Amino acid sequence: MQILAVHGGLDTSRERSFMDDLEAAVRKGFQMLATGRVPALEAVLNVLEDSPRFNCGFGSVLNLDGKVEMDAAIVDGPTHRFAAVAAIRAVANPVSVARKLLEETKQVILAGEGAVKFAREHGFPEADCTSRQQLEAWHKAKDSLARGKTPAQNLYTGLEYHGDTVGCLVWDGQGLTAASTTGGYSLKLPGRVGDTPSLGGGIYASRTSATVCTGLGEAFIETLTAKYVDEQIAAGAHPQEAVEAALRRLAGLKGAEGGIMALDARGRIGAAFNAGRFPVVVLVNGEVRKDFQPVNLRPELATTPAR
Ligand code: ASP
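Residue indices begin from 1 for each chain and proceed along its sequence in written order. A pLDDT threshold of at least 70 governs which residues receive local features in this predicted model, and a stricter bar of 80 or more applies before side-chain atom pairs are shown or counted, although totals over entire chains, interfaces and linings include all residues. Values shown for side chains rest on all heavy atoms present in the structure; no hydrogens or waters enter the calculation.

### A look at the site of the ligand
Put simply, a residue is near a molecule or strand once any heavy atom of it comes within 4 Å of that molecule or strand. If you check the shell around the ligand, you find 10 residues, and the closest are Asp164, Thr165, Asp195, Thr214 and Gly215. Pairing of N or O atoms within 3.5 Å defines a polar contact, subject to two protein rules: one partner must be a possible hydrogen donor and the other a possible acceptor, and residues neighboring in sequence count only if both atoms are side-chain atoms. A distance of 2.7 Å separates an oxygen atom of the ligand from a polar atom in the side chain of Thr214. For the ligand, an oxygen atom lies 2.9 Å from a polar atom in the backbone of Gly217. For the ligand, the protein covers 100% of the area, taking 260 Å² as the surface of the free molecule. Using only the protein atoms, space was sampled on a 1 Å grid; points where a 1.4 Å probe fits but cannot get out form cavities, open sets with protein on both sides within 12 Å along at least five of seven lines form pockets, and lining residues are those with an atom within 4 Å of a point. Assignment of a molecule to a cavity or pocket requires that more than half of its atoms lie within 2 Å of the corresponding grid points. If you map the ligand onto the pockets, it falls in the largest cavity. Each residue is assigned to one class: nonpolar for Ala, Val, Leu, Ile, Met, Phe, Trp, Tyr, Cys and Pro, charged for Asp, Glu, Lys and Arg, and polar for all the others, Gly among them. Grouping the amino acids of the shell around the ligand by side-chain chemistry returns one nonpolar, six polar and three charged. Where accessible areas are quoted, they stem from the Shrake-Rupley method and a 1.4 Å probe; at the residue level, only the protein chains shown are allowed to cover.

Structural data, given as structure tokens:
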């Protein structure tokens, strides 16, 4: 069995165009699966990094200084390999830089200027990831702040209804692997690093399971939520039980919202969230699982499927 699962981030729109992007991304990944789990993950996330609809690559939210700074990570369960870039600027596809780091070095995290230098040395050209929508939203938010008001925009998406951090899981019949890529959250401090490059915080993979998370990164880091999901699955929980337990724990410990997706080595999947939306697409042996929906633990926050 081969499984690819992708999520479009917390409070991301479920409009057709967003779901179409997610579906196109997993299909692209499926085509790449014959070349390996990691190339498949990269292919999925590159599609979303290149789309302005999601908070990653082109379309990332802007930090307090109006700049895009991105985090991306890959973790491969069977080989225990992890690589991430943090607060990287001016590259179109941070997850591809993370893959380069994974495959060409023994180092695991590169941040800031060092990450940019590494990217340039490995042929990643300079790219402006600032989308028009995010720039407009940033100007509005700065105006609100200057007037002493709280910006109306969504913390995760940077916009009123838009996209957030994306994450992908792959089971190729041999092993589990996970990757995420993000612009972080809107108006974050320059240099801030979230949970995406935090192994065990917002991402994890082992021989047992693979997990990706979205939501307020600090809460995931402080509670090691992704590792907690793996421990629950290792102790016998179904991935669906594990992600729901992890979200309840996160809410209890930090009062935080999130979305979590996990896959185990028996090909079982779980996905849940406790906010407005969390679009997920699962592909099993090349077919979209139309019956699969993430569970909303706070249905009172759900918005109409069209948003
Ligand atoms: N977890 C990401 C971060 O804090 C943002 C998100 O997924 O909403 O960087």
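### Notes on the packing of aromatic side chains
Any two of the Phe, Tyr and Trp rings considered here, Trp counted by its six-membered ring, make a pair once their centres fall within 6.5 Å; the pair's planes then place it as stacked at under 30 degrees, edge-to-face at over 60, or tilted in between. Overall, the coordinates contain two aromatic pairs when judged by the stated rule. With centroids separated by 5.7 Å and ring planes inclined at 70°, the aromatic side chains of Phe18 and Phe54 adopt a geometry described as edge-to-face. You can see Phe18 sitting in helix 1 (residues 16–32) and its partner Phe54 sitting in the loop between helix 2 (37–50) and strand 2 (70–76), a full 36 residues away along the chain. Accessibility here uses a 1.4 Å probe with only protein chains present; expressed as a share of the type maximum, an area under 20% marks a residue as buried, one over 50% as exposed, and anything in between as partly exposed. For Phe54, a relative accessible area of 0% puts it in the buried group. Their ring planes at 45° and their centres at 5.8 Å tell us that Phe273 and Phe278 sit as a pair that is tilted. According to the relative accessible area criterion, Phe273 is buried, its value standing at 7%. Numbering goes from the N terminus for both helices and strands, where a helix is a DSSP run of H or I of at least four residues and a strand is a run of E of at least two.

### Notes on the packing of helix 3 (residues 94–104) against helix 4 (residues 112–121)
Angular values range over 0 to 180 degrees, each being the angle between N-to-C directions of two axes fitted as lines to C-alpha atoms, with helices fitted over their stretch in contact. Contact geometry of helix 3 with helix 4 gives a least axis separation of 10 Å together with a crossing angle of 80°. In terms of orientation, helix 3 lies roughly perpendicular with respect to helix 4. Each of Val97, Lys100 and Leu101 in helix 3 lies in contact with helix 4, whose residues at this interface are Ala115, Phe118 and Ala119. Looking at the contact of helix 3 with helix 4 residue by residue, the class counts come to five nonpolar, no polar and one charged. Roughly parallel means an angle under 35 degrees; roughly antiparallel means over 145; roughly perpendicular covers 65 to 115; every other angle is labelled oblique. Any two residues having at least one pair of non-hydrogen atoms within 4.5 Å are treated as being in contact.

### Some words on unusual backbone geometry
Within the chain, His80 stands out as a residue other than glycine whose phi angle is a positive 55°. Here His80 shows up in the loop between strand 2 and strand 3 (81–88). Phi is positive for Leu224, close to 45°, though the residue is something other than glycine. Mapped onto the elements of the fold, Leu224 is located in the loop between helix 6 (217–223) and helix 7 (225–234).

### Considering the pairing of strand 10 (residues 269–273)
Of all five residues in strand 10, five are buried; the element is thus mostly enclosed. Burial along strand 10 is two-sided: the face carrying Ile269, Ala271 and Phe273 and the face carrying Gly270 and Ala272 are both buried. Each pair of strands is called paired provided DSSP finds at least two bridges between the two strands. With antiparallel pairing between neighbouring strands as the criterion, strand 9 (residues 258–264) and strand 10 make up a hairpin whose turn holds four residues, including Gly267 at a positive phi of roughly 80°. Pairing between strand 10 and strand 13 (residues 295–296): two bridges, direction parallel. Along strand 13, the bridge assignment pairs Ala272 with Val295.

### Some details on the sheet that holds strand 8 (residues 209–215)
Ordered by their spatial adjacency, five strands build an open sheet running 7-8-9-10-13, and the pairing between neighbours is mixed. Of all the strands in the sheet, just strand 7 (203–205) and strand 13 have a single pairing partner and so form its edges. Where strand 8 lies against strand 9, seven bridges are found, and the strand directions are antiparallel. Pairing of Ala210 across the sheet is with Leu263, part of strand 9. Sitting on the sheet, helix 7 is in contact with strand 7, strand 8 and strand 9, with an inclination near 145° to strand 8. Contacts from helix 8 (residues 239–254) reach strand 9, strand 10 and strand 13, with the element oriented near 25° to strand 10.

### What about the layout of surface pockets?
Grid points are joined across faces, edges and corners, and a volume is the space filled by probe spheres set on the points. Roughly 200 Å³ of volume is contained in the second largest pocket. Along its surface, the second largest pocket is lined by Arg14, Arg16, Met19, Glu23, Val280, Val281, Val282, Val288, Arg289, Lys290, Phe292 and Gln293. For the lining of the second largest pocket, the elements supplying multiple residues, two or more each, are helix 1 and strand 11 (280–284). Of the residues assigned to the lining of the second largest pocket, the class counts are six nonpolar, one polar and five charged.

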